[in-house]
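A structural walkthrough
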Amino acid sequence: MLVRPVYAVLERELLRMARQRTRLVAAMVRPLIWLLVIGGGFAAIVGVDYKSFLVPGVLGMTMLFGAMLAALGTVYDKESGVMRMMLVAPLPRAWMVVAKLIAAAAAAAVQALLLLVLLALLGYVGRRTEWGLLAAALAATSFACAGIGMLTASFSRTLENFAGIMNFVIFPVFFLSGSLYPVRELPPALYWAATLNPYTYGVDLLKHALLAGPGADFSVALDLAVLAAATIASAAVASWRFSRESAYEPMIHVPAGRAR
Amino acid sequence: MNAPHTAGMTTIAAVRAAGLVKRYGELAAVDGVDLEIAPGEFFGLLGPNGSGKTTTMHMLATLIRPSAGTASVAGFDIGRAPVRVRASIGLVFQESALDRTLTVAQNLRFAGLLHDLAPRVIEERSRELLELFDLTERRDQPVGALSGGMRRALDIVRGVLHQPRCLLLDEPTIGLDLPNRRRIWRFIERLRARTGMTVLLTTHYLEEADGCDRVVFIRKGRLVESGAPQSLVARLGRHILEVESASLDALVAALEPRLGAALREGDVAHFRCAEEDLALLAGLQAEIGAKASAWRVRRPNLNDVFLWVEAGKRVA
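Only a predicted model underlies this, so the values are computations on that prediction, with no experimental measurement involved. (Residues numbered from 1 in each chain as written. Chains lettered and ligands numbered in written order. Predicted model: local features only at pLDDT ≥ 70, side-chain atom pairs only at ≥ 80, totals over all residues.)

This next bit is on the overall build of chain B. Scanning chain B for helices and strands turns up eleven helices and 14 strands. Over its C-alpha atoms, taken along the principal directions, chain B stretches across nearly 75 × 45 × 40 Å. Looking at chain B as a whole, 45% of its 316 residues qualify as buried. A separation of at least 24 residues holds for 70% of the contacts in chain B among residues at least 6 apart in sequence. (Helix = DSSP H or I, 4+ residues; strand = E, 2+ residues; numbered from the N terminus. Buried ≥ 20, exposed ≤ 12 C-beta atoms within 10 Å, placed from the backbone. Contact = placed C-beta atoms within 7 Å.)

Written out as structure tokens, the structure reads:
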């Protein structure tokens, strides 16, 4: 009974993604700039094969941005009124959060797969890749990023917060992970911040899959456990936030005589 | 589908509410509403902006929780079985609930899937309903390209795609021009004729509620008058005397002892008159009509009922 509604939300998300070409192009160009320009630049200083080290990080970045944008679409849905269609559907409120989470994760995974093809064509993915692990890493990381996105969306009343979300959620999550540097070599404060960041474990899992181990900081089991826990916890909190009726004010209506 | 047992259908009220209250802090937006709407009834909830119409409707639709009281829709309790209530109703909001970036067909597919309809069923019903609502040619256009009237029509199609037993329309014609308002009413009539569904409507365009089987006026969260539109109008009086004057106070003072309390709006005073008052009116006009800049006697309509109810006066 609950499958079609989830499919509805998923299909709409993918339709929107396919239509927003610039969003899709940006999702491909952004990581490639990091990889080729910043990676190329730092490779000259660091002296190691820094570009290869960056591959898991930029793949993760695509998922982080993709899932966040899709999940934050929930805020857009509230503002544009589309959320009304979901509110009147015969579904428990929590299920709507789950549907959005799945759709955001799918959007992120699709973008990661597209980038993966580009990376393979450029010769950055191949020989050392463990494909099974990579599939698991893409799935687990997409869901965790979607979870972070739904959690953020559940605390954002309007899209005007978007710049704030960029600065206070997406950038910290990205920079305080092992995307650009090995976590174990960070100074203590940053090290602890990174270990508390669930996204770190997604990037770590991608390192396991793409770099065959040496660049990774944690075990595969720990990575998967943290990602799963983060997804479930954020989905639970987001469901609770969205099940409050105040989550939909003023979208449903503004009670008369009550100043906003 | 949780199919209704046909035997029970006629006995279960489409909507039943007892003592519904919704408080926002100090303010009681809805203050003890009782309703009983029979299956198939065309029911109007009338009142000015801010009287509690929408809040009542949203409580019935399980979008907001009552502070007190109970209600059931199609036999399902709004507190205990909100999902089954939502499966039984179609709700058309005051503001659009459509995705402007998707096409007409894509919006209906989205709405249909959310209601767990099979894609083939959505296709069939969309075709029928778009035909019924004159939207067939717009099928593949983005909703953003439709006019306001078409969007509202599509919103109604969206609301009835899953064949609800009870349709809740919140100000279905608000913000539309007259031809489009008429079109929307024709669509709702066609729909009622075809499906026999219960329709609960809120509006403050009173003339539009004339077609309702029954209307109830809501004022400051309380129901104040109810009945068939014609009988409410009849209860108000046979005639309405409208007097307009720059020195209205003196005129009202002269007329009120003989005609009863006036309803004043700016420079105009309204009086309710019975059939037998006509002779009296002619005499009054000869006596003091000259002091009025306008003196009109006309039949009352639902707007008059509304004005009297709004002024806090009992109509009966």
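Additional details are given in the paragraphs that follow.
Moving on, we come to the overall build of chain A. Along the backbone of chain A there are ten helices and zero strands. Taken from N to C terminus, the helices and strands of chain A fall in the order α-α-α-α-α-α-α-α-α-α. In terms of C-alpha radius of gyration, chain A reaches 19 Å, essentially the compact-globule figure of 18 Å for 260 residues. Summarising its shape, the C-alpha atoms of chain A cover approximately 65 × 35 × 30 Å along the three principal directions. Of the contacts made within chain A by residues no fewer than 6 positions apart, 80% connect residues no fewer than 24 positions apart. (Rg over C-alpha atoms; globule rule 2.2 N^0.38 Å.)

Of all hydrophobic cores here, the largest spans 157 residues; its most connected members are Ala67, Ala104 and Ala108 of chain A together with Leu168 of chain B. The greatest single-element share of this core, amounting to 16 residues, is contributed by helix α3 (residues 50–80) of chain A. When neighbours within four sequence positions are excluded, alanine 67 of chain A is seen to be in contact with Ala104, Ala105, Ala107, Ala108, Ser142, Cys145, Ala146 and Gly149 of chain A. Among the nonpolar cores identified, the runner-up in size contains ten residues, and Leu251, Ala269, Cys273 and Ala292 of chain B belong to it. (Core = buried A, V, L, I, M, F, W, Y, C linked by C-beta atoms within 7 Å.)

The subject of this paragraph is the sheet that holds strand β2 (residues 27–37) of chain B. Residue and element names in this part refer to chain B. The antiparallel open sheet is built from four strands, whose spatial order is β2-β1-β4-β5. Each edge of the open sheet is held by one strand with a lone partner, namely β2 and β5 (76–77). Across five bridges, the pairing between strand β1 (residues 15–24) and strand β4 (residues 68–73) is antiparallel. Paired with alanine 17 across the strands is alanine 71, a residue of β4. (Pairing = 2+ DSSP bridges.)

Now for unusual backbone geometry. In terms of backbone geometry, most residues other than glycine have negative phi values and most peptide bonds are trans. Residues and elements named next belong to chain B. Even without being glycine, aspartate 116 reaches a positive phi, approximately 65 degrees. We note that glutamine 163 has phi near 50 degrees; this positive angle belongs to a residue other than glycine. Checked against the element boundaries, glutamine 163 lands in the loop between α6 (148–160) and β7 (166–170).

Facing the 31 residues of chain B at the interface are 28 residues of chain A. Sorting elements by how many residues they give to the side of chain B that touches chain A places helix α4 (residues 104–114) of chain B first, with five residues.

For the rest of this paragraph, the subject is the sheet that holds strand β11 (residues 239–244) of chain B. Residues and elements named next belong to chain B. Within the open sheet, the four strands sit side by side as β12-β13-β11-β14. Their pairing is antiparallel. Of all the strands in the sheet, just β12 (263–265) and β14 (294–298) have a single pairing partner and so form its edges. Each strand of the sheet is rotated relative to its neighbour by a mean of 20 degrees, with strand direction disregarded. As paired strands, β12 and strand β13 (residues 268–273) are joined by three bridges and run antiparallel to one another. Residue pairing for β13: arginine 264 is matched across the bridge by alanine 269. (Axes fitted to C-alpha atoms, helices over the stretch in contact; angles between N-to-C directions.)

Below, the discussion takes up α6 of chain B. Compared with the 18 Å implied by 1.5 Å per residue over 13 residues, the 19 Å span of α6 of chain B between its first and last C-alpha is a close match. Taken as a whole, α6 of chain B has its buried residues at Arg151, Arg152, Ala153, Leu154, Asp155, Ile156, Val157, Arg158, Gly159 and Val160 of chain B. (Expected span 1.5 Å × (residues − 1).)

Bringing the packing of α3 of chain A against helix α9 (residues 198–211) of chain A into the picture now. Residues and elements named next belong to chain A. In the contact formed by α3 and α9, the axes pass within 9 Å of each other and the chain directions differ by 135 degrees. Taken together, the axes of α3 and α9 are oblique relative to one another. Taken as a pair, α3 and α9 cross one another with a handedness that is right-handed. Contacts between α3 and α9 involve Ser52, Val55, Pro56, Gly57, Leu59, Gly60 and Leu64 from the first element and Tyr199, Gly202, Val203, Leu206, Lys207, Leu210 and Leu211 from the second. When the residues that make up the contact of α3 with α9 are grouped by side-chain class, the tally is nine nonpolar, four polar and one charged. (Parallel < 35°, antiparallel > 145°, perpendicular 65-115°, else oblique. Left-handed = near helix turned anticlockwise from the far one by under 90°. Nonpolar A, V, L, I, M, F, W, Y, C, P; charged D, E, K, R; others polar.)

So, on to α4 of chain B. In an α-helix, one turn spans 3.6 residues; hence positions three or four apart end up facing the same way. Among the eleven residues that make up α4 of chain B, nine are buried, leaving the element largely enclosed by the rest of the structure. Along α4 of chain B, the residues that are buried comprise Val104, Asn107, Leu108, Arg109, Phe110, Ala111, Gly112, Leu113 and Leu114 of chain B. Buried positions along α4 of chain B lie against α1 (3–19) and α4 (83–87) of chain A together with α5 (119–132) and α6 of chain B. Just beyond α4 of chain B, the residue with positive phi is aspartate 116 of chain B, at close to 65 degrees.

Before going further, it helps to examine the pairing of strand β3 (residues 42–46) of chain B. Residue and element names in this part refer to chain B. Within β3, five of the five residues are buried, leaving the element largely enclosed by the surrounding structure. Side-chain alternation along β3 places Phe42, Gly44 and Leu46 on one buried face and Phe43 and Leu45 on a second face that is also buried. The sheet contact formed by β3 and strand β8 (residues 198–203) spans five bridges and is parallel. Of the residues in β8, the one forming a bridge with leucine 46 is threonine 203. Strand direction decides the pairing type here: β3 and strand β9 (residues 214–219), joined by four bridges, are parallel.

So, on to the confidence of the model for chain A. Any segment with low pLDDT has predicted coordinates that should not be analysed in fine detail. Summarising the model, chain A shows a mean pLDDT of 89, and 95% of its residues fall at 70 or more. Ignoring residues within four places in sequence, the model shows residues 255–260 of chain A, a span with pLDDT below 50, making 13 contacts including any to other chains. (pLDDT = per-residue confidence, 0-100.)

All names here are of chain B. The buried fraction of β8 amounts to six of the six residues, a majority that puts the element mostly inside the structure. The two faces of β8 match: Thr198, Leu200 and Thr202 on one face and Val199, Leu201 and Thr203 on the other face are all buried. Two strands pair when backbone bridges link them, and β7 and β8 are joined in this way by five bridges, in the parallel orientation. Bridge assignment links leucine 167 to a residue of β8, and that residue is valine 199.

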